[in-house]
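Descriptive structure summary
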Amino acid sequence: MIKKIIMTGLVCLYATSVNAQVNIRLNFPTKQDTELSPIVKEKVEEYATKINNIIQEEKKLMELELNFLAKENLPQTEFDKKKADIADRYSTKIDERIEALGFDLDEVIQKQVRYSLLNSDITSEEELKAKLMKKFRAVRNLSPYVSYGIMTLTNDQPDNDLDKNIAYSNNLEVGFKLNYQFDRMSPWGLISGLGFSWRTVRLDNNKFFAKDANGGVSVADYGGNVNKNKMRTGYLMVPIGLQYNFSKLKNAGMDIQYRPYGRGFRIAANAYGGVKISTNNIVRGDFEDFRDRSNYQVNPFVYGAQLTFSYNSYSLFVKKDFSNYFKGSYFPNDKALVIGLALGL
């Protein structure tokens, strides 16, 4: 049915061009503009030219018959009937000659499908299989990601000054995720990468992080209204874990199957570790504003675990530190818990 529709369309196109005495060309864009196979383009142009020649030849013969018919001076009704019979006969003859050309639409479609998949007009089965094996090999790449989460500090001990005064806090992270699928059909893969994490803790109730002469850190009263206070700590983070992909196997042809590892629904679990690269304590209020980049006893190393649920490029994650947010005896046992969204994980 599809073949008949395409053939009819081409015949109508050229019949229209002949009747209008206009030469129509099939001007195909270049490969840079479309994904049309050069072989497909050549075959379609060749076939269209043959159709045009058939139409031109039959049209000349039909016009000769119509001229002879006009000289017979027949009544209008009989003339119209014979004219219609001639047109039907030549239309049938054109269809038969086009059919005799043996244009294999299925073969052309197959070539275009191959070209769209591989950007190459491969004819050898061995070459085609090698190309397919290369195109649908196991996923092993680095992909960028960005995540943002709401952060709180958990503590299994009685509330300390930090717990009582903590306000909205967050964790922003950007980096590159390493995807290492174990093989082309495997749902399992190793994940790792490198990220930069900025953790921001804010205080409420007009409090701020203060530091005494000995370097001790505490939550202190500002003595006025605080417009902004935040302690932002940057970490260089490295995760390592496993990811499972629930996507079904797909067939690339020639008995080659693969799993679209980076698409569909996925679950990942990983451990992570990080090293501190900076701390910045910013306070603005009724009195003197200040920004201090010195040591506020934030833990120089962090480690924990993360669980991530992903669909295509979007993810929901839960991240829990096993290390204390501050080191030593400062706000002991307070550990970060982050729940957020990510793009690219």
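Residues numbered from 1 in each chain as written. Predicted model: local features only at pLDDT ≥ 70, side-chain atom pairs only at ≥ 80, totals over all residues. Heavy atoms only, no water.

1. Brief notes about the overall build of the chain
Short version of the rule: In this description a helix means any DSSP run of H or I spanning at least four residues, a strand means any run of E spanning at least two, and both kinds are numbered starting from the N terminus. Using a 1.4 Å probe on the protein chains alone, a residue whose accessible area is under 20% of its type maximum counts as buried, one over 50% counts as exposed, and one in between counts as partly exposed. Contacts are assigned to residue pairs with any non-hydrogen atoms lying within 4.5 Å of each other. To measure how exposed things are, a 1.4 Å probe is used in the Shrake-Rupley method; for residues, cover is taken only from the protein chains shown.
The number of helices and strands found in the chain is 6 helices and 13 strands. For the chain, the proportion of its 345 residues judged to be buried stands at 37%. Here the analysis covers contacts within the chain between residues at least 6 apart in sequence; of these, 69% occur between residues at least 24 apart. Of the accessible surface of the chain, which amounts to about 20000 Å², a share of 56% is contributed by carbon and sulfur atoms.

2. Quick word on the pairing of strand S2 (residues 169-181)
To keep things clear, this is the line we draw: What makes two strands pair is DSSP finding at least two bridges between them.
Examined bridge by bridge, strand S1 (residues 140-154) and S2 share 12 bridges and lie antiparallel to one another. Its bridge partner lying in S2, Tyr145 is registered against Gly175. Bridge count between S2 and strand S3 (residues 188-201): 12 bridges; the pairing is antiparallel. If you follow Phe176 over to S3, its bridge partner there is Leu194. The turn linking S2 back onto S3 is made up of 6 residues.

3. Considering empty space enclosed by the protein
Definition in use: Grid points spaced at 1 Å over the protein atoms alone were grouped into cavities, where a 1.4 Å probe fits but cannot get out, and pockets, open sets with protein on both sides within 12 Å along at least five of seven lines, with lining residues defined by an atom within 4 Å of a point. Grid points are joined across faces, edges and corners, and a volume is the space filled by probe spheres set on the points. When residues are grouped by polarity, Ala, Val, Leu, Ile, Met, Phe, Trp, Tyr, Cys and Pro land in nonpolar, Asp, Glu, Lys and Arg in charged, and all others, Gly among them, in polar.
This structure, assessed with the given rule, holds 2 cavities of 30 Å³ or more. Of the voids in this model, the largest cavity is the one considered here, and its volume is about 240 Å³. As for the largest cavity, its lining consists of 21 residues, of which Tyr145, Pro239, Asn270, Gln306 and Leu345 are closest to the centre. Partitioning the lining of the largest cavity into residue classes produces 10 nonpolar, 8 polar and 3 charged.

4. Some words on the side chain of Ser197
We apply this condition: Here a polar contact means two N or O atoms within 3.5 Å. Within protein one must be a hydrogen donor candidate and the other an acceptor candidate, and residues neighboring in sequence count only if both atoms are side-chain atoms.
By the secondary structure assignment, Ser197 is in strand S3. Take Ser197: its relative accessible area is 1%, and that puts it in the buried class. A distance of 2.8 Å separates polar atoms of two side chains, one belonging to Ser197 and the other to Asn171. Those residues in contact with Ser197 that lie beyond four places of it in its chain are Asn171, Leu172, Glu173, Thr233, Gly234, Tyr235 and Met237.

5. Details of the pairing of strand S13 (residues 335-343)
Where S1 meets S13, 9 bridges bridge the pair, whose relative direction is antiparallel. Within the sheet, the bridge partner assigned to Thr154 lies in S13 and is Lys335. Sheet analysis places strand S12 (residues 314-321) next to S13, joined by 7 bridges and oriented antiparallel. Paired with Lys320 across the bridge in S13 is Leu337.

6. What about the nonpolar core?
Heads up, the condition is: Within this scheme, the nonpolar core is defined by two criteria: the residues are buried Ala, Val, Leu, Ile, Met, Phe, Trp, Tyr or Cys, and they are joined through side-chain atoms within 4.5 Å.
Ranked by size, the top nonpolar core spans 24 residues in total, and within it Leu162, Phe209, Val298, Tyr325, Phe326 and Phe331 carry the most contacts. Every element with two or more residues in this core is listed here: S1, strand S5 (217-221), strand S6 (226-245) and S13. Apart from residues lying up to four places away in sequence, Phe331 is in contact with Asn160, Leu162, Phe209, Val217, Ser218, Val219 and Phe326.

7. So, helix H3 (residues 76-100)
As a reminder of what qualifies: Here the expected length of a helix is defined as 1.5 Å per residue gap, with one fewer gap than residues.
In a regular helix each residue adds 1.5 Å, so 25 residues correspond to 36 Å; H3 covers 36 Å between its end C-alpha atoms and thus fits that length. Among all positions in H3, only Ile86, Tyr90, Ile94 and Ile98 are buried.

8. Considerations on the pattern of salt bridges
Put simply, the test is: One speaks of a salt bridge when a side-chain nitrogen belonging to Lys or Arg is within 4 Å of a carboxyl oxygen belonging to Asp or Glu.
Applying the stated criterion across every chain, the model contains 10 salt bridges. Among the ionic pairs, Glu63 bridges to Lys59, the shortest N-O distance being 2.3 Å. You can see Glu63 and its partner Lys59 sitting in helix H2 (residues 38-71), 4 residues apart, about one turn around the helix. Residue classification places Glu63 among the partly exposed residues on the basis of a relative accessible area of 35%. In this structure, Lys211 engages Asp292 in a salt bridge whose closest nitrogen and oxygen atoms are separated by 4.0 Å. Of this pair, Lys211 sits in strand S4 (residues 207-211) while Asp292 sits in strand S10 (residues 290-292), and the two are 81 residues apart along the sequence.

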